[in-house]
Amino acid sequence: MFFRLGLVFVLAFAFSSEINAAPGNLDTSFGNGGTVFTDFNGFGDEAGSIIIQPDGKIVVGGYSLEPTLFSYVFALTRYNTNGSLDTTFGTNGKVLSGFQQQLDNFALSLNLQPDGKIVAAGYLGTSGNAIALSRYNSNGSLDTSFNGNGTLAVYFNSGNLNAKAYSSAMQPDGKILAAGSVRIGNDYDFALVRVNPNGTLDTSFGVGGRVTTPFGNLRDEARSLEVLPDGKILVVGLANNGSNSDLAIAKYNVDGSLDTSFDADGKVMSPIGTGNDFGYSLAVLPGGGFLVAGESFAGVDFDSLLAKFTSGGQLDTLFGSNGIVLTSFSSAGNDSALSLAIQQNGKIITSGYTGSLPNRNFAIARFDQTGSLDLSFNGSGKIVSDFGNSDELITDVKLQRDGKVVACGLRITQGNPQTGDFVVARYEGDPVLRRASFDYDADGRADLSVRRASDNIWYILRGTAGYFNITFGEPGDMIAPADYDGDGKTDVAVFRPSNGTWYIYNSASQSFTTVGWGVSGDMPVPADHDGDGRADLVVFRPSTNTWYTRFSSNNNFSTVGFGVAGDKPMVGDFDADGKADIALYRPSESNWYILKTGFGFFVQTWGQAGDIPVPADYDGDGATDVAVFRPSTGQWFRIRSTAGFDTVGWGQAGDQPIPADYDGDGKSDVAVFRPSNSTWYIVGSTSGQ
């Protein structure tokens, strides 16, 4: 296709969505009616953690009783997107590995590295002798570049009898964090370890790579951790106050020291009720607040707990009842939330169990952003899944790129011997909002648009609504078009470096908005980082290599140091979670540095000197792909996240590459604007012309 339209500074955002079945229903396209049961050796198998790979495959980790050793070993499985075992992984989709014979090995947490390797964390020994880490290649074999044999056991001082890891996380630099507890005499404290990418302890962290933190004099356990954008570490769990347990929260600096800007001493104990309260899972929110899921004693039994905290560690009184939501699934038995996830639209998923031993069942609840049960989820905001005469519970929950909810856990059948299976269930979720670029009339197709700097007039040729123009801005302004009001239409907008002000023409109300956010020298990179369907005000400050984001969902802000001199800020959703990621292209080394909200830090070498970065979703899977345009040859080099690598010859020296979805098929098209003749050249991904 060829288009001609005036003198240019090229602009060019859209709306599309996926249609899902009723939220909360089991996804019958997965496994057998939405569930998969996996047995290893006919004895006890329990799943503890789940990760979803960029290709949609599902990895589940836990432990299995090995009958020849009669001890538990790390156990992993990988499933195809339809729930069948992936036979390219391990032996027919299964992996078993142990540290020491006749010593139990429990894997409780999984992480996926950017290179596809899998890190499992847990502990050795029935009572926990050491924190244990294993790293696997993408095919399930142990990665011998990690500590020489793929495994690492971290012991604390000789006086510490027990150490366990319940949670783990990847840092942007590839270092691995694990958190749990360590026993010192009769006292249990928070315990953290940090490991270098090669499997050695990171001696710059704490003392010899280890950190212990006491709250009281009895049982303190770290159960979940997150690495914050500024590199600090947030950990939640439980601590005994002398009479019962409360939620316990600690915040650490990068070196493992407590962050005294957090509640003065870096620690918070938060009682929920008058009995025991346990925190099991953590999720950080845009702006620095966070959610904690767990359980709280309600006088007769336990209720499922969801609590919201401010970034300073205080309960957020605007959420639920003074920051607390307690949920009961039935009038009898206990209810617990062991894991949580946040959807792109801000709704909150908690998962765990309801009932009492030996007949508990899967339990999932969904809440809106105020803490109220979301009645559009199964009609009541709650789901109970019963898989027969057995004991079942969810240990972890994750969201797929398409918004579906994947839960893993265990099913234990009583008998002699007692048997157990991995359980994976997939539920329908909400559709994930996808945004293409430069769609000023919300018809699902990018529009041709230019801004003429000589007179500050925007000329826009809309696919459905036709041509229009608007005078907007003044000399020196930087263009910043995006959908700021969430109506699915790109809004005309500029950032004025002289006063650090954004000027936005809202298409929904046809009104003007002026917002001060930034300083002279900042670069505007608006994008939807909180997933609410509206672009956030974002600037990258080259003088300090810092990103400043003002979130549209709550007007909170974040500050993230990420980059070096000469880096170019990029816009894209590289992990397809419906939220924009912080990303950079470094021309000096042709490296892409990406902080994925769903999959952590990622580095990709792609390009060469003189290339122009052109990230976009070229294969329509919802994930922004790494790509460059080479003006010297007129070629495009793309790493499509699903469809793989390809090269396209389209363009010549002097062309401006403008990839976008011009034909409305959900895939970005290869396109250039040629200033020498004011012509657009577009290869439609569907039509090929």
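In this text the structure is predicted, and so the values were computed from the model without any measurement. (Residues numbered from 1 in each chain as written. Predicted model: local features only at pLDDT ≥ 70, side-chain atom pairs only at ≥ 80, totals over all residues. Heavy atoms only, no water.)

Caption draft 1: Geometry of the overall build of the protein. Along the protein, the regular secondary structure elements total zero helices and 53 strands. Its C-alpha atoms give the protein a radius of gyration of 26 Å, within 12% of the compact-globule value 26 Å for 689 residues. Principal axes of the C-alpha set define a box for the protein whose edges measure 80 × 50 × 50 Å. A total of 689 residues make up the protein; the buried ones form 59% of that total. (Helix = DSSP H or I, 4+ residues; strand = E, 2+ residues; numbered from the N terminus. Rg over C-alpha atoms; globule rule 2.2 N^0.38 Å. Buried < 20%, exposed > 50% of the residue type's maximum accessible area, 1.4 Å probe, protein only.)

Caption draft 2: Region of the structure containing the packing of aromatic side chains. The full count for this structure, using the stated rule, is 23 aromatic pairs. A ring pair is formed by Tyr-662 and Trp-680, whose centres lie 6.5 Å apart and whose planes are at 70 degrees; its orientation type is edge-to-face. In this pair, Tyr-662 is assigned in the loop between strand 51 (656–657) and strand 52 (670–674) and Trp-680 in strand 53 (residues 679–683), connecting sequence segments 18 residues apart. In terms of burial, Tyr-662 and Trp-680 fall into one category: buried. Linked through ring pairs, Tyr-63, Tyr-72, Phe-106 and Tyr-123 together constitute an aromatic cluster. (Phe/Tyr/Trp six-rings, centres within 6.5 Å; stacked < 30°, edge-to-face > 60°.)

Caption draft 3: Quick look at the sheet that holds strand 22 (residues 302–309). As summarised here, the arrangement of the four strands in space is 20-21-22-23, forming an open sheet in which the pairing is antiparallel. Two strands lie at the open edges of the sheet, namely strand 20 (277–284) and strand 23 (324–327), each paired on one side alone. Pairs of neighbouring strands in the sheet enclose a mean axial angle of 20 degrees, with direction left out of account. With four bridges connecting them, strand 22 and strand 23 associate as antiparallel partners. Note on strand 23: the bridge partner recorded for Ser-304 is Thr-327. (Pairing = 2+ DSSP bridges. Axes fitted to C-alpha atoms, helices over the stretch in contact; angles between N-to-C directions.)

Caption draft 4: Focus on the nonpolar core. In this structure, Trp-458, Val-492, Tyr-662 and Trp-680 are the most contacted members of the largest nonpolar core, which totals 22 residues. Mapped by element, the contributors of at least two residues to this core are strand 32 (448–452), strand 33 (457–462), strand 36 (492–496), strand 52 and strand 53. Among the elements that take part in this core, strand 33 stands out by supplying four residues, more than any other. Among residues more than four places away in sequence, those in contact with Val-492 are Tyr-440, Trp-458, Ile-460, Ile-470, Phe-472, Tyr-503, Ile-504 and Tyr-505. (Core = buried A, V, L, I, M, F, W, Y, C linked by side-chain atoms within 4.5 Å. Contact = heavy atoms within 4.5 Å.)

Caption draft 5: Spotlight on the side chain of Ser-390. In this fold, Ser-390 is placed in the loop between strand 27 (382–385) and strand 28 (391–399). For Ser-390, a relative accessible area of 3% corresponds to the buried category. Polar side-chain contacts of Ser-390 include one of 2.5 Å to the side chain of Glu-392. (Polar contact = N/O pair within 3.5 Å; in protein donor to acceptor, adjacent residues only side chain to side chain.)

Caption draft 6: How the structure looks around the environment of Arg-445. Locating Arg-445 in the fold gives a position in the loop between strand 31 (433–434) and strand 32. Excluding anything up to four places from it in sequence, Arg-445 contacts Phe-438, Asp-439, Gly-463, Thr-464, Asp-661, Tyr-662, Asp-663 and Gly-664. Within polar-contact distance, the side chain of Arg-445 engages the side chain of Asp-443 at 3.0 Å. A polar contact is formed between the side chain of Arg-445 and the backbone oxygen of Gly-463, at a distance of 3.4 Å.

Caption draft 7: Seen up close, the pattern of salt bridges. Under the criterion given, the structure shown has 32 salt bridges. In this structure, the salt-bridge partner of Arg-630 is Asp-611, at a minimum N-O distance of 2.8 Å. In this pair, Arg-630 is assigned in strand 48 (residues 626–630) and Asp-611 in the loop between strand 46 (600–605) and strand 47 (612–613), connecting sequence segments 19 residues apart. By relative accessible area, which is 14% here, Arg-630 ends up buried. What makes Asp-611 buried here is its relative accessible area of 5%. Connected via shared salt-bridge partners are Lys-347, Arg-366, Asp-374 and Asp-430. (Salt bridge = Lys/Arg side-chain N within 4 Å of Asp/Glu carboxyl O.)

Caption draft 8: Representation of the environment of Asp-663. Turning to its location among the elements, Asp-663 is positioned in the loop between strand 51 and strand 52. Residue class for Asp-663 comes out partly exposed when judged on its relative accessible area of 25%. Residues Asp-663 and Arg-360 lie 303 residues apart in sequence; the distance between their C-alpha atoms is 51 Å.

Caption draft 9: Seen up close, unusual backbone geometry. In this structure, the amide linkage connecting Leu-357 to the following residue, Pro-358, adopts the cis form with an omega of 5 degrees. Looking at the element boundaries, Pro-358 is found in the loop between strand 25 (348–355) and strand 26 (361–367). A positive phi is found at Asn-92, a non-glycine position, where the angle reads about 55 degrees. Here Asn-92 lies in the loop between strand 6 (71–79) and strand 7 (94–97). On the basis of relative accessible area, Asn-92 is assigned to the exposed category, the value being 52%. Although it is not a glycine, Ser-590 sits at a positive phi angle of roughly 55 degrees. Its place among the elements puts Ser-590 in the loop between strand 44 (582–586) and strand 45 (591–596). Among the residues examined, Ser-590 registers a relative accessible area of 8% and is labelled buried.

Caption draft 10: The arrangement of the side chain of Arg-411 in detail. Tracing the backbone through its elements, the reader meets Arg-411 in strand 29 (residues 405–413). Taking relative accessible area as the criterion, Arg-411 reaches 19% and is therefore assigned buried. Polar contacts involving the side chain of Arg-411 include one to the side chain of Asp-421, which spans 2.8 Å. Dropping the residues within four chain positions of it, Arg-411 is found in contact with Phe-37, Phe-387, Ser-390, Asp-391, Glu-392, Thr-419, Gly-420, Asp-421 and Val-423.

Caption draft 11: Here's a closer look at the pairing of strand 13 (residues 176–184). Most of strand 13 sits inside the fold, with seven of its nine residues counted as buried. Note that strand 13 and strand 14 (residues 187–195) share nine bridges and pair antiparallel. Within the sheet, the bridge partner assigned to Ala-178 lies in strand 14 and is Val-193. Hairpin remark: strand 13 followed by strand 14, antiparallel, with two residues in the connecting loop; positive phi at Gly-185, about 70 degrees.

Caption draft 12: Focus on the pairing of strand 26. Counting buried residues along strand 26, seven of its seven residues qualify, which places the element largely inside the surrounding structure. The pairing of strand 25 with strand 26 spans seven bridges and is classified as antiparallel. Bridge pairing in strand 26 links Gly-352 to Ala-363. From the end of strand 25 to the start of strand 26, which pair antiparallel, there are five residues. Judged from the four bridges that link them, strand 26 and strand 27 form a sheet pairing that is antiparallel. Looking at strand 27, one finds that Ala-365 is bridged to Lys-382.

Caption draft 13: Region of the structure containing the sheet that holds strand 38 (residues 511–516). What the four strands build is an open sheet, ordered 35-36-37-38; its pairing is antiparallel. Two strands close off the open sheet at either side, each with one partner strand: strand 35 (478–479) and strand 38. Bridging between strand 37 (residues 501–506) and strand 38 involves six bridges; their strand directions are antiparallel. Paired with Ile-504 across the two strands is Thr-513, which belongs to strand 38.

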